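Here are the chains, one letter per residue:
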Amino acid sequence: MIHLKNVHKRFQKPEGGWFDAVRDTSLHIRAGEIFGLIGFSGAGKSTLLRLINLLERPDSGSVTVDGQQLTALSASALRRARQNIGMVFQQFNLMANRTVADNIAFPLEIAGWQQADIDARVAECLDIVGLADRAQHYPAQLSGGQKQRVGIARALAPRPHVILADEPTSALDPKTTQSILDCLQDINARFGVTVVIVTHEMHVIRSICHRAALLDAGEVVEILTVQDKQVSAQSALAKSLLEVA
Amino acid sequence: MEELTWAQALANLSDLAPEIWQASLETGLMLGIGLTAAILLGGPLGVLLYLTQPGQLFAHRTVNGVLGWLVNLVRSFPFIILMVSLVPLTRVLVGSTIGPIAAAVPLSFAAIPYFARLVEQTLREIPRGVVEAAEAMGASPAQIIVKVLINEARAGLISSLTILTISFLSYSAVAGVVGGGGIGDLAIRYGYYRFQSEVMIAMVLLLVVIVQLIQFAGNRLAARLDKR
């Protein structure tokens, strides 16, 4: 489903010099799985996620999603490919001047859907995330958890094969966190959407992921597998994270 | 000088009513042309100034630098000097250098970079993440500009337009004095040159009322559009 091949990404530091956020990394994420990217701050997990839909373009290496090599696409072909990859953000990134319904409609407008189809699909997505009664509210009138549900509905609206979630629960309290994780898991189970989720909490991995990549200093240290909410790990770093959790 | 009674002052003003009406129309015309030019040319220029900044969609140091420099250049001219230096251009464009339409040329010239800066500042307040979300959804630059940037900044843009309108109401009075007509011109001709202080006072009061109305309308509209 998602193939990252020897991707490398470096950033120029404000004070000069370079910072290698992701170092020559390869990763394969299977269709239909919930895959975690875990590590401490600065480990490169968010950058790695943003390489998947080319919000960050790798300096070298290739990115293939759904059989399409994104790194080889023209700007307009990349835009079409991105319509098939939903994204959910830590800070929600909803449009404040659009209602909940219009936020969810946005990716469909972009993709050129007919208005009647948009209305039907928006209603469907609102149902899926349990916000049908909030359709005409504005984001400012919602709680954090509700905002994130809108974010998920928006990502889901164009029926993507992949949803990328960048610390989707880090701005939320523990109870809301669980409900958002359940929502993502539900979507994965019902629609077979591949979910890639960035987190710094082992709890998130244990709770919904099938597998996860443990990152440190821009490299994959270990691929963790989760079975019956048990994470099996070899590396010392993974064990230390498991102890914290 | 004779003592001026209230009755006499009001009678004088009522005699001038047609001229006051005419002057108001001229002021409206100067403002209308200047603001239209500001929106149609200054607006896109402001968007371009914003989008060419580092980290934005069309980040380009040179283009941003040159545009910023040009905007600053025009904005550094005191308005009266800009008017005089644009006389040849005005003659070419309008065929005359007097009247409200001629005065609208330097007014537009000053309003375009002014509004561009206001637009740029307003757009800066949109969280980068919102634009990024649209990019991640596959929005084109045109869709991002219209559906995200302008829509998210709409309340701020209305406030900017309110500021611009009020500033240029006062600029238009300056333009009036050098042959543009309008309320400022009337105030100077009757109130100052003919010592009819009541005309001066009436014109200033008229401007005070217009400014209050513009600000009130701008605030109301901005508040209605703002859903943040």
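Up top is the structure.
The following paragraphs examine the structure supplied in this document.

Definitions and limits used
Residues numbered from 1 in each chain as written. Chains lettered and ligands numbered in written order. Predicted model: local features only at pLDDT ≥ 70, side-chain atom pairs only at ≥ 80, totals over all residues. Helix = DSSP H or I, 4+ residues; strand = E, 2+ residues; numbered from the N terminus. Buried ≥ 20, exposed ≤ 12 C-beta atoms within 10 Å, placed from the backbone. Pairing = 2+ DSSP bridges. Axes fitted to C-alpha atoms, helices over the stretch in contact; angles between N-to-C directions. Contact = placed C-beta atoms within 7 Å. Nonpolar A, V, L, I, M, F, W, Y, C, P; charged D, E, K, R; others polar. Core = buried A, V, L, I, M, F, W, Y, C linked by C-beta atoms within 7 Å. Parallel < 35°, antiparallel > 145°, perpendicular 65-115°, else oblique. Left-handed = near helix turned anticlockwise from the far one by under 90°.

## What about the overall build of chain B?
Turning to step 1, where the next piece is worked out: Counting its regular elements, chain B contains eleven helices and zero strands.
Turning to step 2, where the next piece is worked out: Mapped in sequence order, the helices and strands of chain B form the string α-α-α-α-α-α-α-α-α-α-α.
Turning to step 3, where the next piece is worked out: By principal-axis analysis of the C-alpha atoms, chain B measures approximately 75 × 40 × 25 Å.
Turning to step 4, where the next piece is worked out: Taken across its 228 residues, chain B has 36% of its residues classed as buried.

## Points about the sheet that holds strand β3 (residues 34-38) of chain A
Residue and element names in this part refer to chain A.
Turning to step 1, where the next piece is worked out: Spatially, the seven strands line up as an open sheet ordered β6-β7-β8-β3-β9-β10-β11, and their pairing is mixed. Where the open sheet ends on each side, the last strands, each with one partner, are β6 (85-88) and β11 (230-232). Going from strand to strand, the sheet's axes swing by 20° on average, the running direction of each strand aside.
Turning to step 2, where the next piece is worked out: Here β3 runs beside strand β8 (residues 194-199); their pairing, made up of five bridges, is parallel. Residue pairing for β8: G36 is matched across the bridge by I197.
Turning to step 3, where the next piece is worked out: Helix α5 (residues 144-156) contacts β6 and β7 (162-166) of the sheet and is inclined by roughly 170° relative to β6.

## Digging into the interface of chain B and chain A
Turning to step 1, where the next piece is worked out: Each partner contributes to the interface: chain B provides 17 residues, whereas chain A provides 18 residues.
Turning to step 2, where the next piece is worked out: Among the elements of the structure, α7 (128-136) and α8 (141-152) of chain B are those that each provide at least two residues to the side of chain B that touches chain A.
Turning to step 3, where the next piece is worked out: Ranked by residue count, the leading element in the side of chain B that touches chain A is α7 of chain B, at six residues.
Turning to step 4, where the next piece is worked out: When its residues are assigned to classes, the side of chain B that touches chain A shows six nonpolar, five polar and six charged.

## Here we look at unusual backbone geometry
Turning to step 1, where the next piece is worked out: Phi is positive for N6 of chain A, close to 45°, though the residue is something other than glycine.
Turning to step 2, where the next piece is worked out: For N6 of chain A, a count of 12 C-beta atoms within 10 Å translates into the label exposed.
Turning to step 3, where the next piece is worked out: The phi angle at F195 of chain B is positive, at roughly 55°, despite the residue not being glycine.
Turning to step 4, where the next piece is worked out: By secondary structure assignment, the location of F195 of chain B is in the loop between α10 (183-193) and α11 (197-225).
Turning to step 5, where the next piece is worked out: Residue F195 of chain B is classed as exposed on the basis of its 11 C-beta neighbours within 10 Å.

## Considering the nonpolar core
In globular proteins that are soluble, nonpolar side chains generally tend to be buried together.
Turning to step 1, where the next piece is worked out: Judged by nonpolar contacts, the single largest core of 121 residues is most densely connected at I104, A153 and V196 of chain A together with A111 of chain B.
Turning to step 2, where the next piece is worked out: Looking at this core element by element, the count peaks at 15 residues for helix α6 (residues 100-123) of chain B.
Turning to step 3, where the next piece is worked out: When near neighbours in sequence (up to four residues on either side) are disregarded, A111 of chain B contacts G34, L35, A37, A38, G42, L164 and F168 of chain B.
Turning to step 4, where the next piece is worked out: Core analysis: the next-biggest nonpolar cluster, separate from the first, contains nine residues, A173, L186, Y190 and A202 of chain B among them.

## Overview of the packing of α5 of chain A against helix α6 (residues 174-191) of chain A
All names here are of chain A.
Turning to step 1, where the next piece is worked out: Viewed as axis vectors pointing N to C, α5 and α6 meet at an angle of 15°, and their least axial separation amounts to 10 Å. Between α5 and α6, the angle falls in the class roughly parallel. For the crossing formed where α5 meets α6, the hand is right-handed. Across from G144, G145, Q148, R149, I152 and L156 in α5, the residues of α6 making contact are T176, S179, I180, C183, L184 and I187.
Turning to step 2, where the next piece is worked out: The residue inventory of the contact of α5 with α6, partitioned by class, reads six nonpolar, five polar and one charged.

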